[in-house]
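Chain and residue survey
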Amino acid sequence: MKSWLKKSIVLGAGLSFILTGCGNQAKEAASTEGKLKVVTTFYPMYEFSKQVAGDHAEVVALIPSGAEPHDWEPSAKDMAAIKDADVFVYNGIVEGWVDSALSSAASEQRVVVEASKGISLMEGEEHEHGEESHLDPHVWLDPVLAQQEVRAIQAALEQADPGNKKDYEKNADQYIAKLQELDHAFKEALSNAKHKEFVTQHAAFGYLAKQYGLTQVPISGLSPEQEPSPDEMAEVVEFAKEHQVRTIFFETLVDPKVAQVVADEIGAETAVLNPLEGLTAEDIRNNLDYIGIMTHNLEALKAALNK
Ligand SMILES: [Zn+2]
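Here the residue index of a chain counts from 1 through its sequence in written order. Note on the predicted model: pLDDT of at least 70 is required for a residue's local features to be given, and 80 or more for side-chain atom pairs to be given and counted; whole-chain, interface and lining totals, by contrast, use all residues. Note that water and hydrogens are dropped before the side-chain values are worked out from all heavy atoms of the structure.

**Quick word on the environment of Lys117**
This is how the line gets drawn: Numbering of helices and strands runs from the N terminus; a helix is a DSSP stretch of H or I covering at least four residues, while a strand is a stretch of E covering at least two. Relative accessibility under 20% of the residue-type maximum defines a buried residue, over 50% an exposed one, and the middle range a partly exposed one, all with a 1.4 Å probe and only protein chains included.
Relative to the helices and strands, Lys117 resides in the loop between β4 (111–114) and α6 (143–160). On the accessibility criterion, Lys117 (65% relative accessible area) is exposed. Note: C-alpha distance between Lys117 and Asn91 (26 residues apart in sequence) is 8.2 Å.

Written out as structure tokens, the structure is:
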């Protein structure tokens, strides 16, 4: 059954004469009008929200694919979308602009969900000497913590649209089953890895490392634009030599220059470890989603840690 038809039946007899009276256009309008407007920030928030919402919502991501979310700011058009949203989903910390955006685009009916809320965040790797310590926002890269984010999004959708609670619950359960499978695959593949240390471009994989007993050594800090000092670079090179690191990971959305310098210095290979901060055009062409990219990340880690 078409979703607009379901919706018009749910709306009941009182409205049905309007729908039948106005023909197809009214039916199409009813289809978007009946749907929840869910505005999300960057890719994992979009993907988790879409998985839970199913057919019941129009889900949009503010931060376009190919953009790095750490240094993004909303435009006037984005602010209008935030104001108009029934549900607004963000991770927390990555999106430093959210508090002021939500207060200037004030809305009474909007349900706001900070998906990482309730997860105890780790302090960032101490790379930024002399700066106050930062909390690490990259919880979506841990398949276990990602499940908590999915549940937080589910609760927000249920609050905004209680009529479809059962569907949100079912969709969330199904997606969480996939995340559990992903978690098992990581556990199985990494528990007997020959090496436990890996070098990344920025400190995105701290939660994943902790979950699977690995050690992440980031070249940059919590945000990719924090360029390392020569001393910090030297430390990473030293660590990599000491632990026989043979692969230096770089990212899809960030210039690989510093990662390449480290790799050249120790004669290591480079490979991609994707922090899922946005999809590239190539990811989209290859139909890759969160689970697909995480599966590639697992293969890349497995290969690097067994060299
Ligand atoms: Zn990041």
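**As for the coordination of the zinc ion**
When four donors bind a metal tetrahedrally, each ideal donor-metal-donor angle is 109.5 degrees, and when six bind octahedrally, the ideal angles are 90 or 180 degrees. This is how the line gets drawn: Note on donors: an N, O or S atom is included if it sits within 2.8 Å of the metal, or within 3.2 Å for Na, K and Ca, and water is never included, so sites can look incomplete. Think of it this way: with four donors and all angles in the 85 to 135 degree range, the site is tetrahedral; with four or six donors, opposite ones beyond 155 degrees and the rest between 65 and 115, it is square planar or octahedral; otherwise it is irregular.
For the zinc ion, every protein donor is listed as His70 (NE2), His138 (NE2), His202 (NE2) and Glu277 (OE), and the spread of their distances is 1.9 to 2.1 Å. Taken together, the four donor atoms coordinating the zinc ion and their angles of 100 to 117° define a geometry best described as tetrahedral. Coordination of the zinc ion draws on donor residues from a single chain, spaced H-x67-H-x63-H-x74-E in sequence. Of this pair, His70 sits in the loop between β2 (57–61) and α4 (76–84) while His202 is found in the loop between β5 (197–200) and α8 (206–211), placing the two residues 132 residues apart along the sequence.

**Let's talk about the pairing of β4**
The two faces of the sheet receive side chains in turn, since in a regular strand these alternate between them. Just so we agree on the cut-off: Any two strands between which DSSP finds at least two bridges are classified as paired. Orienting the strands away from the viewer, one traces the path from the first strand over the helix to the second; a clockwise path indicates a right-handed crossover.
The side-chain alternation of β4 yields one buried face, formed by Val111 and Val113, and one unburied face, formed by Val112 and Glu114. With four bridges connecting them, strand β3 (residues 87–90) and β4 associate as parallel partners. In the strand pairing of β4, Val89 is matched with Val113. Chirality of the crossover, the property in question, places the unit of β3, helix α5 (residues 98–104) and β4 among those that are right-handed.

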